Amino acid sequence: MARRGVWGLLLVDVVVTGGAGFVGSHLINALVAAGREVASIDTRHSGDDGYRVDIRDRDAVCAVLERLQPKAVAHLAGIADARIAREVPADTVEIGVSGTVNLLEAARRAGCRRFLVISSVWVHDSIRACPGHGEAFEADAFDHVYTMTMAMKEIAASCWSRLYGMDCAVVRPAPIYGPGMWPGLVLANFVRAALAGEPLSINGTGAAARRFVHVTDLADAILRILDAPEATGAYDVAGPDLVSVRQLADLVCAEIPGTTITHLTDERRTGEFTGDNLPDSGRLGRELGWAPRVSIGDGVRQYVSWASACRG
């Protein structure tokens, strides 16, 4: 709940964009539990602490942040499903890039220095090391509009940090899972099929491995970064276990006996994250003491229980 300041301003600690979404809703819960005053910007809801605003509308975004005077912005809004991004590339870039620039500028005008951008581990496929200068994106290495958009969001935040002295940080999460996850994510697809008595469909061999991170662990990481103004640059956030897609399917089969597995080839999946450059959460652990708490086995078990309850 926002607190009222002078001149009718509603003062909050953190504005969360995409607050009605999967990660955003979990982050808001974590922030409120930590005693923070929070407001949300999203196109899908409104209310006392939620503003129905399209981040492509710069005037509207500036008006909301000017009214709320936040200490920090956690920017999660955007097209989160890479397959949808591939189908609507112009919308993906407009929301992801123009929306991010609008928010950065609105935060700057409102005097908000702390700005956190949620990117993706996908950008690792487009990064090269620059000795003495950290890392840089390869201009010809973008094979997907989703990856390009995430990289451009990171570049915009870096630019506003350098030009205007804002304290910007980037979070690059591994594939995220947990209650309320997007229906297009692999675990959600597996569990939905298994509960319906259908086989689990694996694209290719299922050997691709990921460090799936539970949404509550990600929310904890974001909260720690927000609370540390000296924490700038990019932070990987990954789960504790390196798990192949086939192993993930086997975990679902163990929780829902009788489930079978089939293999297919989906041409729409070309250009997606290869997993060759796995995320490393070491910096986050060293600097802010973060460590993932939810194992993949526990996380799958919890999600199956949640999804079963939702089916009634």
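From a predicted model like this one, the values you see are computed outputs, not experimental measurements.

Asker: Can you tell me about the overall build of the chain, naming the residues and giving the values?
Answerer: Counting secondary structure elements, the chain contains 10 helices and 17 strands. Here the chain holds 312 residues, and 48% of them are scored as buried. Counting contacts in the chain only where the partners sit at least 6 residues apart, residues at least 24 apart contribute 77% of the total. Total accessible area computed for the chain in this model is approximately 14,100 Å², and 52% of it derives from carbon and sulfur atoms.

Asker: How would you sum up the sheet that holds strand β15 (residues 233-237)? Please name residues and give values.
Answerer: Pairing is parallel in the open sheet, where 7 strands are placed in the order β5-β4-β3-β6-β7-β10-β15. Here the strands that pair on one side only, and so sit at the sheet edges, are β5 (50-52) and β15. Taking each pair of neighbouring strands and ignoring which way they run, the sheet shows an average axis angle of 20°. Its contacts with the sheet place helix α1 (residues 22-33) against β3 (14-17), β4 (38-42) and β6 (72-75), and it is angled at close to 165° to β3.

Asker: Just give me the short version of helix α7 (residues 215-226), but keep the residues and values in it.
Answerer: Across its 12 residues, α7 extends 16 Å between first and last C-alpha, which sits within 8% of the 16 Å expected from 1.5 Å per residue. Most of α7 is tucked away: 10 of the 12 residues are buried. Regarding α7, the residues found buried are V215, D217, L218, A219, D220, A221, I222, L223, I225 and L226.

Asker: With reference to specific residues and values, describe the packing of aromatic side chains.
Answerer: This model, assessed by the stated rule, comprises 4 aromatic pairs. Considering the side-chain rings of W122 and Y146, the 4.8 Å spacing of their centres and the 70° angle between planes classify their relative orientation as edge-to-face. In this pair, W122 sits in the loop between β7 (114-118) and β8 (127-130) while Y146 sits in helix α5 (residues 145-164), placing the two residues 24 residues apart along the sequence. Y146 shares its class with W122; the two are buried. Seen from the ring of Y164, R108 lies directly overhead, with NZ or CZ sitting 4.5 Å from the centre. Geometry around Y235 places R283 over its ring, the cationic atom sitting 3.8 Å from the centre.

Asker: Help me get a handle on the pairing of β7, residues and values and all.
Answerer: With 5 of its 5 residues buried, β7 lies for the most part within the structure. Because side chains alternate across β7, one face comprises the buried residues R114, L116 and I118, and the other comprises F115 and V117, equally buried. In this structure, β6 lies alongside β7, joined through 4 bridges in parallel fashion. Its bridge partner lying in β7, A74 is registered against L116. With 5 bridges joining them, β7 and strand β10 (residues 167-173) adopt parallel strand pairing. In the sheet register, I118 faces β10, and the bridge partner there is V171.

Asker: Tell me about helix α8 (residues 245-255), and please be specific about residues and values.
Answerer: When we look at burial in α8, the residues that qualify are V245, L248, A249, V252 and C253. Axial view of α8: buried residues confined to an arc of 145°, hence all on one face.

Asker: An account of the pattern of salt bridges is requested, with residue identities and associated values reported.
Answerer: Scanning the model with the defined rule gives 17 salt bridges in all. Taking the shortest distance from any N to any O, the salt bridge between R83 and D81 comes out at 3.9 Å. Judged by its relative accessible area of 19%, D81 falls in the buried class. Between E105 and R109 there is a salt bridge; the shortest N-O distance is 3.0 Å.

Asker: Describe the nonpolar core, listing the residues and the values that go with them.
Answerer: Formed by 57 residues in total, the largest nonpolar core has its most connected members in V16, L187, I225 and V252. The leading source of residues in this core is α7, at 7 residues.

Asker: Run through unusual backbone geometry, naming residues and quoting values.
Answerer: Even without glycine at this site, Q69 takes up a positive phi of about 50°. If you trace the backbone, Q69 turns up in the loop between α2 (58-68) and β6. Classification of Q69 as partly exposed rests on a relative accessible area of 25%.

Asker: Tell me what's going on with the pairing of β4, and back it up with residues and numbers.
Answerer: With 5 of 5 residues buried, β4 lies mostly within the body of the structure. One ladder, built from 4 bridges, connects β3 with β4; its direction is parallel. Each bridged residue has a counterpart across the sheet, and for T17 the counterpart in β4 is I41. You can see the chain leave β3, run along α1 and come back into β4, and the turn it takes is right-handed. Of the strand pairs in this sheet, β4 and β5 are connected by 3 bridges, and their pairing is parallel. Bridging from a neighbouring strand, I41 pairs with Y51 of β5.

How each quantity is defined
Residues numbered from 1 in each chain as written. Predicted model: local features only at pLDDT ≥ 70, side-chain atom pairs only at ≥ 80, totals over all residues. Heavy atoms only, no water. Helix = DSSP H or I, 4+ residues; strand = E, 2+ residues; numbered from the N terminus. Buried < 20%, exposed > 50% of the residue type's maximum accessible area, 1.4 Å probe, protein only. Contact = heavy atoms within 4.5 Å. Areas by Shrake-Rupley, 256 points an atom, 1.4 Å probe, with all protein chains shown as cover. Pairing = 2+ DSSP bridges. Axes fitted to C-alpha atoms, helices over the stretch in contact; angles between N-to-C directions. Expected span 1.5 Å × (residues − 1). Phe/Tyr/Trp six-rings, centres within 6.5 Å; stacked < 30°, edge-to-face > 60°. Lys NZ or Arg CZ within 6 Å of the ring centre and 35° of its normal. Arc of directions from axis to C-beta. Salt bridge = Lys/Arg side-chain N within 4 Å of Asp/Glu carboxyl O. Core = buried A, V, L, I, M, F, W, Y, C linked by side-chain atoms within 4.5 Å. Right-handed = clockwise from strand over helix to strand, strands pointing away.

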